[in-house]
Amino acid sequence: MAVGELRWHRDRTYGRCLPQPDGRLGARRRPRHPPGAARLRPAVLCGHAHGGEGGSARPQRHRPELPQLARPRRVGAAVPEGPDLAGAIWHPSPNFWPGREGCGVDGIVLHGTAGGDGPSVAAFLSDPSREASTHFVIGQDGAVFQLVRLRDSAWGNGIPVHSRWPLIAERTGVNPNRYTISIEHAKPSADNSDPLTPAQLRASVSLVRWLLAALPELGLAGDHLVERRDSGSLRDIVIGHCDIDSVTRAHCPGTWDWDGYLELLVADQPGGSA
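No experiment lies behind these values; they were computed from the predicted model shown.

*Asks:* For this particular structure, what's the right way to read the environment of Gly142?
*Replies:* Locating Gly142 in the fold gives a position in the loop between strand E4 (136–138) and strand E5 (144–146). Taking C-alpha positions, Gly142 is 9.7 Å from Leu196, a pair spaced 54 residues apart along the chain. In contact with Gly142, not counting residues within four places along its chain, are Ala199, Gln200 and Ala203.

Encoded structure:
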């Protein structure tokens, strides 16, 4: 068999430079079918031509079925089941991590909003595009909004920067959102210089008191919180956001009478001191 005929039978690709019977390379064109050789049809992908030699049926083209991709699921999902705190306004936020990865709650972190009021802050922290939230928001009128359930991790306490809270150093590599409760206090001024209103102060003290009692009862408290609460060392477990991040959150919660606040927490409470 001549070289050209041999190449024709072995190579089904059209338009390539194939050797001619005299050994020369032919032009880049479809080669002429050698006399007497059986006609070869190009391979058909995903099926074959029906009708045999000379048949007129067109090859079947099958479109492969694409897998159905699951829609991406958010880390958190707002569950409209109501607040933990009776009387709180339930304003569920989708911005949270379900659960606490085995951590108990060992700190209650107080924040100042540096702008806005209770309803607007609750709406802001419930916007999925913000990727931020706290468990509670307290308006200047004393209204309490709950955005995230106590059993879940809100996104309010961020990454520690030059933290002053000793517990941070003891738990290197653990996100503080996993073992804290966060409470925002609506303050109109951009520098958080507003003091709490009387109604806001009463609501805040009442909420923190309730948390100190309810967290152990709900099985959510860590050993650190229970030990410090029982010994009266409340400043070790009731802290400001500035105690976690003393650089970028140095003015959060802003103006705050810590001595007076801690005294109110233990007022009329059996035993202990702030």
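*Asks:* Just checking my understanding: could you explain the sheet that holds E5 for this structure?
*Replies:* Hydrogen bonding along the main chain pairs the strands of a sheet, whether they run parallel or antiparallel. The six strands lie next to each other as E1-E5-E4-E7-E3-E8, forming an open sheet whose pairing is mixed. The open sheet is flanked by strand E1 (89–90) and strand E8 (238–240), the only strands paired with a single partner. Where strand E3 (residues 107–112) and E8 come together, three bridges link them in parallel fashion. Along E8, the bridge assignment pairs Val109 with Ile239.

*Asks:* I would appreciate a short explanation of the packing of helix H4 (residues 198–217) against helix H5 (residues 223–231) in the present structure.
*Replies:* Working note: a packed helix pair is described by the angle between its axes plus the distance between those axes. Contact pair H4 / H5: the axes reach a minimum separation of 11 Å and the direction vectors enclose 135°. Between H4 and H5, the angle falls in the class oblique. In this structure, H4 meets H5 at a crossing whose hand is left-handed. Where H4 approaches H5, its residues Leu212, Ala213, Leu215 and Pro216 are matched on the opposing element by Leu225, Val226 and Arg229. When the residues that make up the contact of H4 with H5 are grouped by side-chain class, the tally is six nonpolar, no polar and one charged.

*Asks:* What's the story with helix H6 (residues 258–266) in this structure? I'm lost.
*Replies:* Helical geometry note: an α-helix holds 3.6 residues per turn, so side chains three or four residues apart project in the same direction. By the burial criterion, the buried members of H6 are Trp258, Gly260, Tyr261, Leu262, Leu265 and Val266. In this fold, the buried residues of H6 make contact with E3, H4 and E8. Taken from the residues just after H6, Asp268 is the one with a positive phi, measuring 60°.

*Asks:* Would you take a moment to explain the environment of His91 for this structure?
*Replies:* When you line up the elements, His91 lands in the loop between E1 and strand E2 (96–97). Of the residues examined, His91 reaches a relative accessible area of 26% and is grouped as partly exposed. Separated by 32 residues in the primary sequence, His91 and Ala123 place their C-alpha atoms 7.9 Å from one another. Beyond its immediate sequence surroundings of up to four residues, His91 is in contact with Ala122, Ala123, Ser126, Phe145, Gln146 and Leu147.

*Asks:* Explanation requested: the confidence of the model for the protein chain in the structure shown.
*Replies:* When pLDDT is low, close inspection of the predicted coordinates is not appropriate. For the protein chain, the average pLDDT comes to 79, and 69% of its residues sit at 70 or higher. This model gives residues 23–31 a pLDDT under 50, and the stretch forms 22 contacts once residues within four places in sequence are excluded.

*Asks:* Could you clarify how one ought to interpret the packing of H4 against H6 in this entry?
*Replies:* One way to put it is that H4 packs onto H6 with a least axis distance of 9 Å and a crossing angle of 55°. Judged by the angle between their axes, H4 and H6 are oblique. Pair H4 / H6 crosses with right-handed handedness. Side by side, H4 and H6 meet where Leu201, Ser204, Val205, Val208 and Arg209 of the first sit next to Tyr261, Leu264 and Leu265 of the second. Taken together, the residues that form the contact of H4 with H6 break down as six nonpolar, one polar and one charged.

*Asks:* Could you clarify how one ought to interpret the pattern of salt bridges in this entry?
*Replies:* Pairing of side chains with opposite charge becomes possible as their charged atoms draw close. In the structure shown here, the tally under the stated rule is eleven salt bridges. For the salt bridge of Arg149 with Glu81, the shortest nitrogen-to-oxygen distance reads 2.6 Å. Here Arg149, found in the loop between E5 and strand E6 (153–154), pairs with Glu81, found in the loop between helix H1 (3–10) and E1; they are 68 residues apart in sequence, far enough to count as distant. When its relative accessible area of 39% is taken as the criterion, Glu81 is described as partly exposed. Note that Asp106 is salt-bridged to Arg171, the shortest N-O span being 2.6 Å. On the criterion of sequence distance, the pair formed by Asp106 in the loop between E2 and E3 and Arg171 in the loop between helix H3 (166–170) and strand E7 (180–185) is long-range, its members being 65 residues apart. Of the residues examined, Asp106 reaches a relative accessible area of 2% and is grouped as buried. For Arg171, a relative accessible area of 23% translates into the label partly exposed. Among the charged side chains, a salt-bridge network with shared partners connects Glu81, Asp84, Arg149 and Arg151.

Reading the values: rules and limits
Residues numbered from 1 in each chain as written. Predicted model: local features only at pLDDT ≥ 70, side-chain atom pairs only at ≥ 80, totals over all residues. Heavy atoms only, no water. Helix = DSSP H or I, 4+ residues; strand = E, 2+ residues; numbered from the N terminus. Contact = heavy atoms within 4.5 Å. Pairing = 2+ DSSP bridges. Axes fitted to C-alpha atoms, helices over the stretch in contact; angles between N-to-C directions. Parallel < 35°, antiparallel > 145°, perpendicular 65-115°, else oblique. Left-handed = near helix turned anticlockwise from the far one by under 90°. Nonpolar A, V, L, I, M, F, W, Y, C, P; charged D, E, K, R; others polar. Buried < 20%, exposed > 50% of the residue type's maximum accessible area, 1.4 Å probe, protein only. pLDDT = per-residue confidence, 0-100. Salt bridge = Lys/Arg side-chain N within 4 Å of Asp/Glu carboxyl O.

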